[in-house]
Amino acid sequence: MNYADYINLVINGLVEGLIIALPALALTLVFGLARFPNAATGDFVAVGGYAGLAAHHLSGSVLAAGLAGALGGAAASVLAYLLAFRPVIRRSVITLLLTSIGVGFVIRALLGVVFGHDPKPFELPLERAWRFGDISLAPADLNLAGLTLLTLALVFGMLYATPLGRSLRAIADDPDLARVSGIRRERAMLAMWTIAGLVCGIAGTVVGMRTVVYPDAGWNMLLPAFAAAVVGGLGNPVGAVAGALLLGVLQELSTPYVGFVYKIALGYVFMMLVLLWRPQGLFNRPQGVR
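Read on for a plain summary of the structure. Since this is a predicted model, take the numbers as computed values, not measurements.

It is worth spelling out the overall build of the chain at this point. Each helix and strand counted, the chain has 10 helices and two strands in total. When the helices and strands of the chain are listed from N to C terminus, the series reads α-α-α-α-β-β-α-α-α-α-α-α. Taken over the C-alpha trace, the chain has a radius of gyration of 19 Å; the compact-globule value for 290 residues is 19 Å, and the two agree within 12%. Judged by the C-alpha coordinates and their principal axes, the chain covers about 60 × 45 × 35 Å. Classification of the 290 residues of the chain by burial places 47% in the buried group. Contacts spanning at least 24 positions in sequence make up 75% of the contacts within the chain whose residues lie at least 6 apart.

Now the structure itself:
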């Protein structure tokens with residue numbers, strides 16, 4: 001392999017990492033406020049994929065597909081919170097985790113009944129890749145990466161530059177202090193689940209446009225997203241995105257040596273090494289026990 005092959009792998013890894021970053025960000029938002037790993041995150045991604053696919057078939061518009069995917073993911077997320085998570089939100093982490101696993105099973109079953117289990121593609125026009133010597137750039141990948149970057153920019157702008165974002169971060173840092181400061185936890189939780197669902201829905205549309213849509217598509221994204229969130233530090237939004245990019249590039253660069261099938265396992269090996277070395281994640285500061 002020459003240097004151009006490695007550059008192509010890095011580019012593919014960055015695109016893949018940006019896509020993984022969306023559900024990883026949703027995972028870490030839920031963990032930061034609700035204090036449990038939401039195993040239904042991937043299924044919100046799948047709902048967004050189907051909503052985007054339906055809108056694209058009806059309108060032929062990629063923009064409409066993205067908006068429908070975001071709304072579909074947000075609707076699934078908020079309904080799951082109201083119907084399943086809010087009644088047990090004060091229970092243990094294990095109870096909430098098991099509830100999320102059950103929510104995921106229900107969503108996948110409903111998607112299978114309504115849409116079937118056959119993979120469904122977006123009907124997008126084929127575009128020739130741009131070539132710069134031996135380096136190739138796919139316009140579709142660049143467009144999807146741009147949409148993902150825009151989504152991340154909007155979410156981080158909300159988190160760090162708006163009163164709502166300050167409220168969410170205050171609850172994540174110290175729920176008791178946030179409560180006595182007058183921050184309404186219920187409103188913040190609804191906002192957080194809505195934002196997490198919007199992010200997952202856009203991720204589902206992006207994944208569907210890059211590959212295909214099927215009921216288990218989101219479930220297959222859950223483990224890489226969880227690995228990225230753990231590597232970056234659960235509860236750290238910036239860390240989740242950085243962890244996703246790091247894992248995406250690492251997996252792609254390993255492809256010539258371990259093959260396409262086994263490159264995914266490398267991400268989990270890296271996650272285990274990070275847990276052994278820095279259990280708090282690469283981008284979280286260690287905290288002492290008091």
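A word on the nonpolar core. A general feature of soluble globular proteins is that nonpolar side chains tend to end up buried together. Of all hydrophobic cores here, the largest spans 73 residues; its most connected members are Phe44, Leu152, Leu168, Met189, Met192 and Trp193. When residues of this core are assigned to their parent elements, the largest contribution, 14 residues, is made by helix H1 (residues 3-34). Discounting residues that sit within four places of it in the chain, Leu152 has contacts with Leu18, Ala21, Leu22, Leu25 and Val241.

You can see Pro139 is positioned in helix H5 (residues 139-161). Since its relative accessible area comes to 7%, Pro139 is described here as buried. Those residues in contact with Pro139, other than ones at most four positions away along the chain, are Glu127, Arg128, Ala129 and Trp130.

Moving on, we come to the packing of helix H6 (residues 163-173) against helix H8 (residues 185-210). Interaxial distance between H6 and H8 falls to 10 Å at its minimum, and their mutual angle equals 105°. When the interaxial angle is binned, H6 and H8 end up roughly perpendicular. For the pair H6 and H8, the contacting residues are Leu164, Leu168 and Ile171 in the first and Arg185, Ala188, Ala191, Met192 and Ile195 in the second. The residue inventory of the contact of H6 with H8, partitioned by class, reads seven nonpolar, no polar and one charged.

On the secondary structure map, Asn236 appears in the loop between helix H9 (217-232) and helix H10 (237-277). Looking at Asn236, the relative accessible area reads 15%, which means it is buried. Within polar-contact distance, the side chain of Asn236 engages the backbone nitrogen of Val238 at 3.2 Å.

What follows is about the pattern of salt bridges. What the rule picks out here adds up to five salt bridges. With a closest N to O distance of 2.6 Å, Glu16 and Arg210 form a salt bridge. Of this pair, Glu16 sits in helix H1 while Arg210 sits in helix H8, and the two are 194 residues apart along the sequence. In this structure Glu16 comes out as partly exposed when scored by relative accessible area, which is 25%. Given a relative accessible area of 29%, Arg210 falls into the partly exposed group. In this structure, the salt-bridge partner of Asp141 is Arg210, at a minimum N-O distance of 3.1 Å.

Okay, unusual backbone geometry next. Positive phi outside glycine occurs at Arg35, with the angle close to 65°. Locating Arg35 in the fold gives a position in the loop between H1 and helix H2 (41-59). Overall, the relative accessible area of 34% leaves Arg35 in the partly exposed class.

The subject of this paragraph is the side chain of Asn38. Relative to the elements of secondary structure, Asn38 occurs in the loop between H1 and H2. For Asn38, the residues in contact, after removing those within four places along its chain, are Leu27, Val30, Phe44, Phe85, Ser100, Trp193 and Leu222.

What follows covers the packing of H5 against H6. Axis separation between H5 and H6 bottoms out at 5 Å; the angle between their running directions is 75°. Judged on the interaxial angle alone, H6 and H5 are roughly perpendicular. Packed against H5, whose contacting residues are Met158, Leu159, Tyr160 and Ala161, the element H6 presents Leu164, Gly165, Arg166, Leu168 and Arg169 at the interface. Classifying every residue of the contact of H5 with H6 by side-chain character gives six nonpolar, one polar and two charged.

How each quantity is defined
Residues numbered from 1 in each chain as written. Predicted model: local features only at pLDDT ≥ 70, side-chain atom pairs only at ≥ 80, totals over all residues. Heavy atoms only, no water. Helix = DSSP H or I, 4+ residues; strand = E, 2+ residues; numbered from the N terminus. Rg over C-alpha atoms; globule rule 2.2 N^0.38 Å. Buried < 20%, exposed > 50% of the residue type's maximum accessible area, 1.4 Å probe, protein only. Contact = heavy atoms within 4.5 Å. Core = buried A, V, L, I, M, F, W, Y, C linked by side-chain atoms within 4.5 Å. Axes fitted to C-alpha atoms, helices over the stretch in contact; angles between N-to-C directions. Parallel < 35°, antiparallel > 145°, perpendicular 65-115°, else oblique. Nonpolar A, V, L, I, M, F, W, Y, C, P; charged D, E, K, R; others polar. Polar contact = N/O pair within 3.5 Å; in protein donor to acceptor, adjacent residues only side chain to side chain. Salt bridge = Lys/Arg side-chain N within 4 Å of Asp/Glu carboxyl O.

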